[in-house]
Amino acid sequence: MTDDNHQYKLLYFDLPGKAEHIRYIFAYAGVEYEDERIQKDKWPEIKKSTPYGKVPVLEIDGQQVAQSNAIARYLARKFGLVGQTEWEALQCDVLVDTLGDLQAAVMQIMKEPDPIKREEIRARVTKEELPFYLSKFEKIVQENGGFSVGSDITWSDLVFAVLLDQFESMYGKTALNGYPSLKGLKDKVHNIPGIKSYLEKRPPKSPMPRH
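Residue numbering note: each chain is counted from 1, following its sequence as written. Reporting of local features is limited, given that this is a predicted model, to residues whose pLDDT is at least 70; pairs of side-chain atoms are given and counted only at 80 or more, and all residues count toward the totals for whole chains, interfaces and linings. Water and hydrogen atoms play no part in the side-chain values, which are based on all heavy atoms of the structure.

- The name given to the protein in an unreviewed UniProt entry is glutathione transferase, with Dendroctonus ponderosae as the source organism.
- The record held by UniProt for the protein lists under Sequence similarities (unreviewed entry) the comment "Belongs to the GST superfamily. Sigma family."
- UniProt positions are given in the numbering used here, feature names are shortened, and annotations may be inferred rather than shown by experiment. Among the UniProt annotations of the protein, the heading Catalytic activity (unreviewed entry) holds the following wording: "RX + glutathione = an S-substituted glutathione + a halide anion + H(+)".

Structural data, given as structure tokens:
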């Protein structure tokens, strides 16, 4: 367990979403925190108390900070998950931002209310954007000996594991069969003792409130 004397409280909805990689970082580091999962009826009131009306928000000794990747990057630096050099830290940032681009493309499917347009978007994302990004990520992890950056676990590996898990939830457990290095990375992260323990205790997903 990492030696850390701060008090942390993470505010987010009762689902993985934009906070799950933060939860993975805490689990990896073995650092205790309050995982406050906001219920739908409580959100309008809690929203008023957040810095920008959005979550996740992390409270550090009572002080609130926003933006999921800013929070994750801060914790990754504290807990030794940004690689061994400035170059590796930069590569982590590049990959996390690129994963965000892919996630945004996939989220278009879920956000489109029109069923015909939604299927058109799904077809485009499935045929074009997913193979484009996943093939590039597969090559990076393969050439890197099973890691996304450097020769050890970084926070970009944790972000990969979260998003690949969500990808399998959407497209089925065979979805990563064509990407063995990515599947291996996800499995490696999910077998880290702290993360494995977290996943075994993780509450079931709840619907996200509209906000």
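**Side note on the packing of aromatic side chains**
For step 1, the next point in the chain: The aromatic pairing rule takes the rings of Phe, Tyr and Trp, using the six-membered ring of Trp, and pairs them if the centres are within 6.5 Å, calling planes under 30 degrees apart stacked, those over 60 edge-to-face and the rest tilted. Using the criterion set out here, one finds ten aromatic pairs in the structure.
For step 2, the next point in the chain: On the numbers, 5.3 Å between centres and 55° between planes, the contact of Tyr12 with Phe13 is tilted. Each member of the pair Tyr12 and Phe13 is classed as buried.
For step 3, the next point in the chain: The interplanar angle of 15° and the centroid separation of 4.3 Å between the aromatic rings of Phe26 and Tyr33 together place this pair among those described as stacked.
For step 4, the next point in the chain: Summary of the burial criterion: residues with accessible area below 20% of their type's maximum are buried, those above 50% are exposed, and those between are partly exposed, where the area comes from a 1.4 Å probe applied to protein chains only. Since its relative accessible area comes to 1%, Phe26 is described here as buried.
For step 5, the next point in the chain: Connected via pairs of aromatic rings, a cluster forms that spans Tyr8, Phe26, Tyr33 and Phe79.
For step 6, the next point in the chain: When the NZ atom of lysine or the CZ atom of arginine is within 6 Å of a ring's centre and also within 35 degrees of its normal, the charge is said to sit over that ring. Seen from the ring of Phe147, Lys188 lies directly overhead, with NZ or CZ sitting 3.8 Å from the centre.

**A closer look at the packing of helix H1 (residues 20-29) against helix H8 (residues 193-201)**
For step 1, the next point in the chain: Put simply, H1 and H8 touch, their axes get as near as 7 Å, and they point 125° apart. Judged by the inter-axis angle, H1 sits oblique to H8. The two elements H1 and H8 meet at a crossing, and its hand is right-handed. For the pair formed by H1 and H8, the contact residues are Glu20, Arg23, Tyr24, Ala27 and Tyr28 on the first element and Gly194, Ile195, Tyr198 and Leu199 on the second. Axes here refer to lines fitted to C-alpha atoms; in helices the fit is confined to the stretch in contact. Angles between the N-to-C directions go from 0 to 180 degrees. Strands here mean DSSP runs of E at least two residues long; helices mean DSSP runs of H or I at least four residues long; both are numbered from the N terminus. To sort the angles, those under 35 degrees are grouped as roughly parallel, those over 145 as roughly antiparallel, those from 65 to 115 as roughly perpendicular, and the leftovers as oblique. Left-handed describes a crossing whose near helix is turned anticlockwise from the far helix through less than a right angle; right-handed describes the clockwise counterpart. Contacts are assigned to residue pairs that have any heavy atoms within 4.5 Å of one another.

**What about helix H3 (residues 68-78)?**
For step 1, the next point in the chain: Taken residue by residue, H3 has Ser68, Ile71, Ala72, Leu75 and Ala76 as its buried positions. Viewed end-on, H3 has its buried residues packed into an arc of 130°, placing them on one side of the element.
For step 2, the next point in the chain: Residues of H3 that are buried sit in contact with strand S1 (8-13), H1, strand S3 (57-60), strand S4 (63-66) and helix H6 (155-171).
For step 3, the next point in the chain: Immediately beyond the C-terminal end of H3, within one or two residues, lies Gly80, with a positive phi of roughly 70°. It is the directions from the helix axis to the C-beta atoms whose arc is reported.

**Here's the deal with the confidence of the model for the protein**
For step 1, the next point in the chain: Confidence scores per residue from the predictor, reported as pLDDT, run from 0 to 100. When pLDDT is averaged across the protein, the result is 92; 95% of the residues are at 70 or more.
For step 2, the next point in the chain: Confidence drops under a pLDDT of 50 for residues 207-211, and excluding neighbours within four residues, the segment shows nine contacts in the predicted structure.

**Quick notes on the domain arrangement of the protein**
For step 1, the next point in the chain: Splitting the protein by domain gives domain 1 (8-80 + 195-201) and domain 2 (86-191).
For step 2, the next point in the chain: In this document the domain limits rely on a domain assignment from an automatic tool or a database. Using C-alpha coordinates to define each centre, domain 1 is positioned 21 Å away from domain 2.
For step 3, the next point in the chain: Of the residues lining the interface, 14 residues belong to domain 1; the matching set on domain 2 comes to 13 residues.
For step 4, the next point in the chain: Values labelled buried area give the accessible surface lost by two parts on being combined, using a 1.4 Å probe and summing over both. In total, domain 1 and domain 2 occlude about 1200 Å² of area from one another, counting both sides; carbon and sulfur atoms represent 66% of this.
For step 5, the next point in the chain: Any Lys or Arg side-chain nitrogen located within 4 Å of an Asp or Glu carboxyl oxygen qualifies as a salt bridge. Between domain 1 and domain 2 we count one salt bridge in total.

**Quick word on the UniProt feature "domain: GST N-terminal" (unreviewed entry) in the protein**
For step 1, the next point in the chain: Taking the numbering used here, the UniProt-annotated feature "domain: GST N-terminal" (unreviewed entry) corresponds to residues 6-83.
For step 2, the next point in the chain: In residues 6-83, the share of helix is 35% and the share of strand is 24%. The end C-alpha atoms are 23 Å apart.

**Some points on the environment of Ala27**
For step 1, the next point in the chain: Considering the arrangement of structural elements, one finds Ala27 in helix H1.
For step 2, the next point in the chain: Sequence separation between Ala27 and Tyr198 is 171 residues; the distance between their C-alpha atoms is 6.4 Å.

**Notes on the nonpolar core**
For step 1, the next point in the chain: Judged by nonpolar contacts, the single largest core of 65 residues is most densely connected at Leu75, Leu134, Phe137, Trp155 and Val189.
For step 2, the next point in the chain: If you count residues domain by domain, this core takes at least three from each of domain 1 (8-80 + 195-201) and domain 2 (86-191).
For step 3, the next point in the chain: Sequence-distant contacts of Phe137, defined by excluding residues within four places in its chain, comprise Leu95, Thr98, Leu99, Leu102, Phe160 and Leu182. Throughout this description, the term nonpolar core refers to a set of buried Ala, Val, Leu, Ile, Met, Phe, Trp, Tyr and Cys residues connected via side-chain atoms within 4.5 Å.

**Notes on the pairing of S3**
For step 1, the next point in the chain: Residues Val57 and Glu59 line one face of S3 and the alternating positions Leu58 and Ile60 line the opposite face, and both faces are buried.
For step 2, the next point in the chain: Sheet topology note: the S1/S3 ladder contains four bridges and is antiparallel. Bridged to Lys9 within S3 is Glu59.
For step 3, the next point in the chain: Pairing between two strands is assigned when DSSP locates at least 2 bridges connecting them. Note that S3 and S4 share four bridges and pair antiparallel. The residue bridging Val57 from the neighbouring strand is Ala66, located in S4.
For step 4, the next point in the chain: Between S3 and the antiparallel strand that follows it, S4, lie two residues; Asp61 among them carries a positive phi value of about 50°.

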